[in-house]
Amino acid sequence: MSVVVRMAPSPTGFLHIGGVRTFLFNWLFARQQGGRNLLRIENTDTTREVAEAVDQIKDSLLWLGIDWDGEPTFQLDRMDDCREIAQRLVAEGKAYEDEGAIRFRMPDEGATAWDDLVRGRIEVANETIEDVVLVRSDGRPTYNFASPMEDVWDGITHVIRGDDHVSNTPKQINIIRAVGGDIPAYAHVPSIFGTDGKKLSKRHGAVRVNEFRDAGYLPEAMVNFLALLGWAPDGETTIMSRDELVARFSLERVSSSPSQFDYAKLDWMNGMYIRALPEDEFAHRLVLWLGEHGYDWDAELVRKSAPLVQEKISKLGDFPGFAGFLFEDVEASVDGNAEVVLAARDALAALEPFTAESIEAALRGVVEELGLKPRQGFQPIRVAVTGSTVSPGLFESIELLGRETTLARLSAAAA
RNA sequence: GCCCCCAUCGACUAGCGGUCCAGGUCGCGGCCCUUUCAAGGCCGUAGCGCGGGUUCGAAUCCCGCUGGGGGCACCA
């Protein structure tokens with residue numbers, strides 16, 4: 001039996017990071033099993049907003065490298081089929097009309113049970129399950145009817161979804177049984193909390209995939225981090241490529257307890273991925289990110305400055321704050337330290353060649369001449385040139401900045 | 001209120017009866033390196049929620065408690 005799973009976002013807004021983690025698990029499982037991963041939009045109406053949301057969802061998924069097989073399907077398109085089935089169930093006595101709506105007749109005795117792939121066996125007494133509405137009095141099928149029906153029609157073999165659906169599962173199983181469909185295997189993955197143990201929301205920080213993208217996180221780092229939220233291949237491995245994730249993923253090893261989203265660890269991991277990038281690839285991504293986020297900085301200079309920051313930033317969005325002085329004017333004054341700054345200016349005024357190496361030699365000479373420790377001498381120069389006490393390497397920065405601008409900034413700061 | 005689920009360092013987790021006076025990673029602290037900040041190296045900090053069982057032996061199995069979460073819609 002070939003595996004078929006589905007990702008079922010509701011088109012109510014932008015893609016939530018918690019939902020994406022669930023989609024990632026579907027994707028990893030499907031790819032590993034050589035199965036199909038479907039994209040199903042659970043919309044109950046069709047509006048411009050829905051269309052936009054769907055585009056947004058596709059875009060975010062693709063950015064992360066989570067793809068799907070075949071065309072996305074829309075729940076709305078199958079409402080007629082649902083109504084037909086509901087009528088049949090009524091005719092068979094398995095459902096009944098109730099004030100214009102159609103309700104499903106749940107079994108009164110016994111229990112409904114399934115072996116959840118992550119939770120283990122779950123049993124629910126049938127007497128505690130109410131007769132759910134299948135079709136509303138206005139004719140629209142409900143989620144608890146449409147969703148399992150679509151699972152049947154699509155031949156879904158494994159339903160991998162958030163654990164907020166655990167209590168819907170026995171209802172859906174009974175409905176599938178009533179229509180004679182195959183019951184898929186279920187895997188309910190735990191939810192993701194914020195740092196206060198409450199459900200992850202904007203309060204805690206970024207929650208939409210888009211926000212992470214805008215902040216300059218790398219998709220491969222996001223995928224690695226998300227995969228490790230509620231799943232681990234062993235107790236040692238942390239950094240894993242997409243291929244390794246696919247190869248090692250298993251639903252049986254998905255944790256049954258919820259986990260907190262640790263932004264600090266994500267930052268660390270993203271830094272790991274940034275540093276692991278080949279120099280030119282990193283430069284390339286920086287240029288793209290800057291272009292997409294409203295910076296019209298010289299691409300060539302960005303590429304040249306990329307190596308200076310690759311070891312220092314944890315996300316692409318850190319670049320402007322760190323290397324912006326190369327592209328925009330700075331304001332700085334070094335009152336009390338004018339002497340070393342002016343000496344530096346004089347030493348660099350006619351320096352040939354104007355390279356990081358020669359600049360370093362010249363400035364070390366200046367500092368030594370004045371009897372200063374490197375730290376004492378270089379810091380005022382750094383402030384004068386970069387406008388900040390924190391910067392990329394000073395000598396490389398000065399080389400990139402160029403003689404003219406450097407001298408002007410040194411003079412201005414000492415004034 | 002009723003149903004269901006969950007419980008190892010601050011966080012993510014490994015552990016599926018002895019190899020665990022509990023291992024890895026982030027964070028945090030210290031040291032080294034060092035032109036700042038990072039990165040990197042080394043060292044360290046910190047945990048099996050509580051109470052009963054079962055067993056020669058329990059983080060691991062069972063029960064209860066406590067704490068947390070989800071659901072109980074003609075929402076999805």
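Rules of the game
- Residues numbered from 1 in each chain as written.
- Chains lettered and ligands numbered in written order.
- Predicted model: local features only at pLDDT ≥ 70, side-chain atom pairs only at ≥ 80, totals over all residues.
- Heavy atoms only, no water.
- Salt bridge = Lys/Arg side-chain N within 4 Å of Asp/Glu carboxyl O.
- Helix = DSSP H or I, 4+ residues; strand = E, 2+ residues; numbered from the N terminus.
- Buried < 20%, exposed > 50% of the residue type's maximum accessible area, 1.4 Å probe, protein only.
- Pairing = 2+ DSSP bridges.
- Axes fitted to C-alpha atoms, helices over the stretch in contact; angles between N-to-C directions.
- Contact = heavy atoms within 4.5 Å.
- Parallel < 35°, antiparallel > 145°, perpendicular 65-115°, else oblique.
- Nonpolar A, V, L, I, M, F, W, Y, C, P; charged D, E, K, R; others polar.
- Near = heavy atom within 4 Å.
- Right-handed = clockwise from strand over helix to strand, strands pointing away.

Caption draft 1: Quick peek at the pattern of salt bridges. One pass over the full model with this rule turns up 29 salt bridges. A salt bridge links D151 to R6; the shortest N-O distance between them is 2.9 Å. Linking D151 in helix 4 (residues 143-153) with R6 in strand 1 (residues 4-7), this pair joins segments that are 145 residues apart in sequence. Judged on exposure class, the residue D151 and its partner R6 are both buried. Salt bridges linked by common partners bring R6, R40, E42, R78, E150, D151 and D154 together as one network.

Caption draft 2: Geometry of the sheet that holds strand 4 (residues 95-98). Strand order in the open sheet made by the 3 strands is 4-5-8, with antiparallel pairing throughout. Edge positions in the sheet fall to strand 4 and strand 8 (133-135), since each of these pairs with one other strand and no more. For this sheet, the mean inter-axis angle between neighbouring strands, taken without regard to orientation, is 40°. One ladder, built from 2 bridges, connects strand 5 (residues 101-104) with strand 8; its direction is antiparallel. Bridge pairing in strand 8 links I102 to V135. Contacting strand 4, strand 5 and strand 8, helix 3 (residues 79-91) crosses the sheet at an angle of about 65° to strand 5.

Caption draft 3: Local environment of the packing of helix 11 (residues 299-309) against helix 16 (residues 394-401). Between helix 11 and helix 16, whose axes approach to 10 Å, the crossing angle comes to 175°. In terms of orientation, helix 11 and helix 16 fall into the roughly antiparallel class. Contacts between helix 11 and helix 16 involve L301, K304, S305 and L308 from the former and E396, S397 and L400 from the latter. When grouped by side-chain class, the residues that make up the contact of helix 11 with helix 16 number 3 nonpolar, 2 polar and 2 charged.

Caption draft 4: The sheet that holds strand 2 (residues 36-41), seen in detail. The strand order across the open sheet built from 3 strands is 1-2-3, with neighbouring strands paired in parallel fashion. Edge positions in the open sheet fall to strand 1 and strand 3 (73-74), since each of these has one partner strand only. Lying over the sheet, helix 1 (residues 17-33) contacts strand 1 and strand 2, oriented at roughly 160° with respect to strand 1. Against the sheet, helix 4 touches strand 1, strand 2 and strand 3, its axis set at about 150° to strand 2.

Caption draft 5: Just the protein's contact with RNA strand B, in detail. In the vicinity of RNA strand B, 61 residues are found, and the nearest of them are R119, R136, G230, K312 and R382. Within 4 Å of the protein, the atoms of RNA strand B are drawn from sugar and phosphate moieties in a proportion of 73%. Of all elements in the fold, only strand 5, helix 4, strand 12 (259-260), helix 9 (263-276), helix 15 (374-386) and helix 16 reach the threshold of two or more residues within the surface near RNA strand B. Taken together, the residues of the surface near RNA strand B sort by class into 19 nonpolar, 20 polar and 22 charged.

Caption draft 6: The arrangement of the pairing of strand 9 (residues 158-162) in detail. Extensive coverage of strand 9 is indicated by the burial of 5 of its 5 residues. Strand direction decides the pairing type here: strand 9 and strand 10 (residues 185-189), joined by 5 bridges, are parallel. By the bridge assignment for strand 10, H158 is matched with A185. Handedness of the crossover joining strand 9 and strand 10 through helix 5 (residues 169-178) is recorded here as right-handed.

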